[in-house]
Structures are given as structure tokens and as C-alpha cells.
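Structure at a glance
The chain contents come next:
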Amino acid sequence: MQEIESIGRDFQTIHSFSAIVAAWNESPFIEAHIRSFIDMNWLTSELIVCAGGTDDTYEKARRLTGPTVIVLLQQLGEGKQSALRKCLQAARYDVIYLTDADCLFERQAIENLLRPLAVGETAVATGWTRPLPEQVGIPIVQYQWARDCFTFGRGGFYANGILGRNAVIFKDVLIAVKAMDMDVKTGTDYVLSKHLATFNERIRLVKDSVIPSEYPPMSRQYVGMWRRWIKNLVVHDAREQWSHVLRATLLASLILGLPIEAWIAPRVLTAFSMFFFLIAVVKRYQYIGVGHKDGMPISRWLLLLVPYFTILDQVAVMMAIVDLVSPKRRYRW
């Protein structure tokens, strides 16, 4: 593996950062996103937004331009990766903060995220997210939040990958790994994580860095997000991930096939499928238990809908497989 020489910096230097954001058709969120940055009153930082789309995202962003807010125009067909490259070229500070336009900035969360860089532990760190305040009571959002609590809140000292909604990295490291030089249509976070691994850069997981982020509030949106995530694993790391995805596909086939199996298949096969479905449901109740210990509110509807959400997860797996076998859909965002 290649290695990038670590560069020692004091905390005052690292306390300065450039946040870079690609915002395409983000009209419902862009104003709150930029205002949350301004409200931090963090004078040694800047927010660079490359905004565009078929709505008024760019116009809304432009109205909030100021001493620490720079807005660039994202052209049709440019894509997220190209937009982030433009932001990176305009960045003045040595530390780059990665986030999304549907997230809100919180000073304490960012300070916690910067600390491992300041003390020389790492060149890259990632935190995680919680729902926007107005989403906290939505059952499917609570379900996703519980999964994040299980994944990140119970994770180890290092993370397997970057969560691009809340991560920091030295600018020279980001340039050196050349992940931004690639035209990646989907899975940009995963590609960056793989490039960092190639350069032997470990990603520090900062559990007390949690920022508000928009979670998919509807079943269709949730399945679409999960479907892309599964597909990206295979697209960008087929050798490592195919076996995991194939096992998930087998499980999804058994569970989704239960109605047909109950009608025409032997009872042994039906019982076998039902057994694995119940295991999958119990596992998801465990996620909720972990989330509750971390302070996540639990609604009655969430508890009742866990079997339904389990089925949605299986639908996402099968749709990801459909995408993977179709050349036209494989690299579609």
C-alpha cells in the first residue's frame, strides 16, 4: 500500500476549515443549510456551495452569499463529483469538511470531529447523523435512525468508510488520493473510502460528532436509497462484496417468496423461510433497542411496522440486483 506522510499541525490551524457541498435540486433545504453555517459564526471557516438544478436552488443560495459563504454554479450534467472538484479548487483552508445540502451545521459536532486531526491521530475522520427535528416522530425515519445508532454508535475506534454527510480530511490528503479526479456517477463516499484504504489512511470514527440530516421519510424514498447503497457496494468493490450481496439476495428471495411458498411449496420450505424472516425481524428490533439506549424516541407505530420495514429491506436488495444486471441502470444514481 502507498502511504501519505502525516503532517503535524496545531489545533488553531486545524480549527480553520472549508466546507464543500454539491447542491443539485436542493431547494427545500439549501437556505436552512447555509443559515446554519452562518449562525455558527465560525470566522476561520468557509462554506463553498456548488449549486444548480431545475429548481431555484442556485438563486436561493446566491442570496445568502457573504464573507464566509461562496456560491458556485453547477451546470446541467456536471455531476456531484465535478461540482465537489470545483469547490475543492476554491477552498482556502487546509482542512476540508464534507457534508450534504440537506444537513445542518452544528459547532460542537464539528469541533469534536476536528479534534483527532488536531492531535495527530489521523488525517481523516467521520461522524454520523440524526434526523432533522421535524422528522423525529416519523416511524420509518426512527427505523433508519436506530440502524445508524447500531452501526455508528456501537462501532469501533475506526470506521470502514466515510459518511460523506459528516467527515473531515486534510486537503493535501484528499488531493493526493485523487478520488475527486474520477467521474463517479454513484457511490462517491464509497470510492473515496476505497482510495484512502489504498493509501493506508485509516478513518477515525468520532461517535460524539452527530449532525442533523434529512432522512428519507417515505417507503419509496427509503427503498431507493438502500437500493443504491447495495448496488454501489458491488459496482465499486465486486470482489469483496459479491458474496455478501448474494447471501442477502438468497434471504430476500426466501422472504419475499413466502406467499407463493405457502401456496405451492412444501411446508418445510415455508417454515424454513418463515424462520429466517423472524430472525431478520428480531435483528431489527435489536437495532431499536440500541437506539433507545442512545436516547432515540420510540413510537408505537415503529414497533408495529418493523416487519413491514424488514420486507422493504428485502425489496431493496432485489431491486439492487435488477439494477446490477442491467447495463443501463448499473451506474445510474
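Thresholds, definitions, all that
Residues numbered from 1 in each chain as written. Predicted model: local features only at pLDDT ≥ 70, side-chain atom pairs only at ≥ 80, totals over all residues. Heavy atoms only, no water. Helix = DSSP H or I, 4+ residues; strand = E, 2+ residues; numbered from the N terminus. Buried < 20%, exposed > 50% of the residue type's maximum accessible area, 1.4 Å probe, protein only. Contact = heavy atoms within 4.5 Å. Patch = residues over 30% accessible without salt bridge, like charges linked within 9 Å, V, L, I, M, F, W, Y side chains within 5 Å. Areas by Shrake-Rupley, 256 points an atom, 1.4 Å probe, with all protein chains shown as cover. Salt bridge = Lys/Arg side-chain N within 4 Å of Asp/Glu carboxyl O. Pairing = 2+ DSSP bridges. Axes fitted to C-alpha atoms, helices over the stretch in contact; angles between N-to-C directions.

**Some points on the overall build of the protein chain**
- The helix and strand inventory of the protein chain stands at 14 helices and eight strands.
- In the protein chain, which comprises 333 residues, the share counted as buried stands at 52%.
- Partitioning the intrachain contacts of the protein chain with sequence separation of at least 6 by distance along the chain shows that 79% fall at a separation of at least 24.

**Thoughts on the environment of Arg300**
- Summarising the element assignment, Arg300 is placed in helix H13 (residues 300-325).
- By relative accessible area, Arg300 is classed as exposed at 70%.
- When the C-alpha atoms of Arg300 and Pro139 are compared, they prove to be 8.6 Å apart, with 161 residues separating the residues in sequence.

**With respect to a nonpolar patch on the surface**
- Residues Tyr285, Ile298 and Leu303 make up a contiguous nonpolar surface patch of roughly 230 Å² in combined accessible area.
- In this structure, Tyr285 sits in helix H12 (residues 267-293).
- We classify Tyr285 as partly exposed; its relative accessible area is 33%.

**Regarding unusual backbone geometry**
- Positive phi outside glycine occurs at Asn25, with the angle close to 55°.
- Within the secondary structure layout, Asn25 lies in the loop between strand E1 (17-24) and helix H2 (27-40).
- Backbone geometry places Asn200, a non-glycine residue, at a positive phi of 60°.
- Structurally, the position occupied by Asn200 is in the loop between helix H8 (188-198) and strand E8 (203-213).

**Focus on the sheet that holds strand E4 (residues 95-98)**
- A sheet is described by the order of its strands in space; here eight strands give the open sequence E3-E2-E1-E4-E7-E5-E8-E6, paired in mixed fashion. Here the strands that pair on one side only, and so sit at the sheet edges, are strand E3 (69-73) and strand E6 (158-159).
- Relative to E3, strand E2 (residues 45-52) runs parallel, the two being bridged by five bridges. Note on E3: the bridge partner recorded for Val49 is Val71.
- Contacts from helix H4 (residues 79-90) reach E1, E2, E3 and E4, with the element oriented near 150° to E1.
- Strands in contact with helix H6 (residues 139-153) are strand E5 (124-131) and E8; relative to E5, the strand with the most contacts, it is inclined by about 150°.

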